[in-house]
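# Structural features, examined
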Amino acid sequence: MDSDIFSLLGKKIKRGQSVTLKLDIARLHTRTMIEVPVIVSRGKKPGPILLLNAGIHGDEVNGVEIVRQIIAKGYNNPDCGTVVCIPVLNVFGFLHKSREFPDGRDLNRVFPGSKEGSLASRFAYYLMKEIMPNVEYCIDYHTGASSRFNYTHLRIEGTDPKSSELAKVFGAPFILLSKELPKSLRSEAVKIGVSVLLFEGGKSLDLDRIVTRIGVKGALRVMQHLGMRDFTKELSNNNQQPYAEPVTLTESTWMRARYSGMFRTSVSIGTTIKKGMVLGTISDPFGEFEKRVIAKHNGIVICSNHSPIVYQGDAIFHIGFNK
Ligand SMILES: [Zn+2]
């Protein structure tokens, strides 16, 4: 697959060459062309082809920052193989600081897309046609939606031995085994043989140093493991986020608010909890009622809602556990 000439978006890229291509898909209503930069870096020797993708949801900026740092520090230049970086896939959402496309659609729910479909669907179609068939591995960077803060973890289905191996190598604190969402990039990429690691860390419209550090180091560990470049020096630097074997969680469940009101949590994400433990309180703003949120399972808090106000039924904690 990684031949002497790597063809992408109609360009031929030689070994040892680095180029920035543009995925031209649509215009804004002001006629401004929307370009999605695709940065391709080829090593001098053959090797695997890895895609680092972020910003499929335009407000999930931790991922954008992770891929930006990788490019800014030149970590995307491999000795062997090819690294393709897309720091901001959903440029429309990024412009508007929103998760969705201007047509209101979630790009990650319209794959594999269609040539004549909605704007988001066309976008998905071109990505599946032009980029995904040319890569072997993909790290797709996400964060929790709205105010929900995800403790850094990788999501894999757990059925592909290669993805499972790479998820361990990545070294995020947790690996959550989760079914691929239908019509997502992950589910469609897996169908054409791409090994996908889905990264989750932090919340939307927020930059978190610990999350971005884990995201960068994980990509370097994956590249090193695949034999693309030796990052021993970078990975040992000042000992931040040293490798620790991730804990695998096979199940997860959402806890929802039983009342509307002001929400305060009393546990940090990453905390191990026991059934019956008080995880927080929900109260009205007038001092009349205060209800405790009680854990229904033993497990680990992998996501916590940071919104100070919640409605009845809002997802407030995501608990991961093993049966
Ligand atoms: Zn996302």
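Please read all numbers here as calculations on a predicted model, not as lab measurements. (Residues numbered from 1 in each chain as written. Predicted model: local features only at pLDDT ≥ 70, side-chain atom pairs only at ≥ 80, totals over all residues. Heavy atoms only, no water.)

### Quick notes on the environment of N62
What counts is decided by this rule: Only DSSP runs of H or I reaching four residues or more are called helices, and only runs of E reaching two or more are called strands; each is numbered from the N terminus. Throughout this description, buried means an accessible area under 20% of the type-specific maximum (1.4 Å probe, protein chains only), exposed means over 50%, and partly exposed covers the range between. Any two residues having at least one pair of non-hydrogen atoms within 4.5 Å are treated as being in contact.
Position of N62 among the secondary structure elements: in helix α1 (residues 61-72). Assessed through its relative accessible area of 0%, N62 is described here as buried. Residues N62 and H142, spaced 80 residues apart in sequence, show a C-alpha to C-alpha distance of 7.5 Å. When residues no more than four places from it in sequence are discounted, the contact partners of N62 are T143, G201, G202, K203, D206, L207, D208, V211 and T212.

### Some points on the pattern of salt bridges
Selection rule: Each salt bridge in this description consists of a side-chain nitrogen of Lys or Arg and a carboxyl oxygen of Asp or Glu lying within 4 Å of one another.
Across all of its chains, the model carries 11 salt bridges by this definition. With its nearest N and O atoms 2.9 Å apart, the salt bridge here joins D4 to R15. Of this pair, D4 sits in the segment before β1 (5-8) while R15 is found in the loop between β2 (11-14) and β3 (18-27), placing the two residues 11 residues apart along the sequence. Judged by its relative accessible area of 22%, R15 falls in the partly exposed class. Note that E65 is salt-bridged to R68, the shortest N-O span being 2.8 Å. With E65 and R68 both in helix α1 and three residues apart, the pair spans about one turn of that helix. Taken together, the salt bridges that share partners define one network made up of E60, R99 and D106.

### Comments concerning the side chain of S178
Here S178 is to be found in the loop between β9 (174-177) and α5 (185-191). Of the residues examined, S178 reaches a relative accessible area of 18% and is grouped as buried. The contact partners of S178, leaving out residues within four places of it in the chain, are R155, I156, E157 and R186.

### Side note on the nonpolar core
Heads up, the rule is: Residues belong to a common nonpolar core when they are buried Ala, Val, Leu, Ile, Met, Phe, Trp, Tyr or Cys residues joined through side-chain atoms within 4.5 Å.
Residues L8, V38, L107, L127, I131 and M132 are the most contacted members of the largest nonpolar core, which totals 39 residues. When contributions to this core are tallied by element, the ones reaching two or more residues are β1, β3, β4 (33-42), β5 (45-54), β6 (80-86), α2 (91-96), α3 (119-131) and α5. Broken down by element, this core gets its largest block of residues, six residues, from α3. Sequence-distant contacts of L107, that is, excluding residues within four places in its chain, are made with I56, L89, N90, F101, A120, F123 and A124. Among the nonpolar cores identified, the runner-up in size contains 34 residues, and Y141, A167, L226 and L235 belong to it.

### Looking at the domain arrangement of the chain
This is how it is decided: Where a domain begins and ends is set by an automatic assignment or by a domain database. As used here, buried area is the combined drop in accessible area, with a 1.4 Å probe, of two parts when they are placed together. Whenever a nitrogen or oxygen atom comes within 3.5 Å of another N or O atom, the pair is scored as a polar contact, on the condition that within protein one atom can donate a hydrogen and the other can accept it, and that pairs from neighbouring residues in sequence are kept only if both atoms are in side chains.
What the domain assignment lists for the chain is domain 1 (5-249) and domain 2 (251-321). For domain 1 versus domain 2, the distance between C-alpha centres works out to 31 Å. Of the roughly 1200 Å² buried at the junction of domain 1 and domain 2 (both faces included), carbon and sulfur atoms supply 70%. Counting the surface domain 1 buries against domain 2, the share from its top three residues, R148, F149 and L249, is 45%. One can count zero salt bridges joining domain 1 with domain 2. Joining domain 1 to domain 2, the criterion identifies three residue pairs in polar contact (both at pLDDT 80 or more). Every element with two or more residues in the side of domain 1 that touches domain 2 is listed here: β8 (148-156) and β9. With five residues, the top contributor of residues to the side of domain 1 that touches domain 2 is β8.

### A look at the environment of V67
Mapped onto the elements of the fold, V67 is located in helix α1. Overall, V67 belongs to the buried group, its relative accessible area being 0%. In the structure, V67 is positioned 149 residues away from V216 in sequence and 7.4 Å away in space, judged by C-alpha atoms.

### Looking at the coordination of the zinc ion
Note the cut-off: Donor atoms: N, O and S within 2.8 Å of the metal, or within 3.2 Å for Na, K and Ca. Because water is excluded, sites can look incomplete. Any coordination sphere not matching a tetrahedral pattern (four donors, all angles between 85 and 135 degrees) or a square planar or octahedral pattern (four or six donors, opposite donors over 155 degrees apart, other angles between 65 and 115) is reported as irregular.
The protein atoms that coordinate the zinc ion are H57 (ND1), E60 (OE), E60 (OE) and H142 (ND1), at distances of 2.0 to 2.4 Å. Its four donor atoms give the zinc ion angles of 57 to 153° at the centre, a pattern that matches the irregular case. Along the chain, the residues that donate to the zinc ion are spaced as H-x2-E-x81-H. Of this pair, E60 sits in the loop between β5 and α1 while H142 is found in strand β7 (residues 137-144), placing the two residues 82 residues apart along the sequence. Like H142, E60 is buried.

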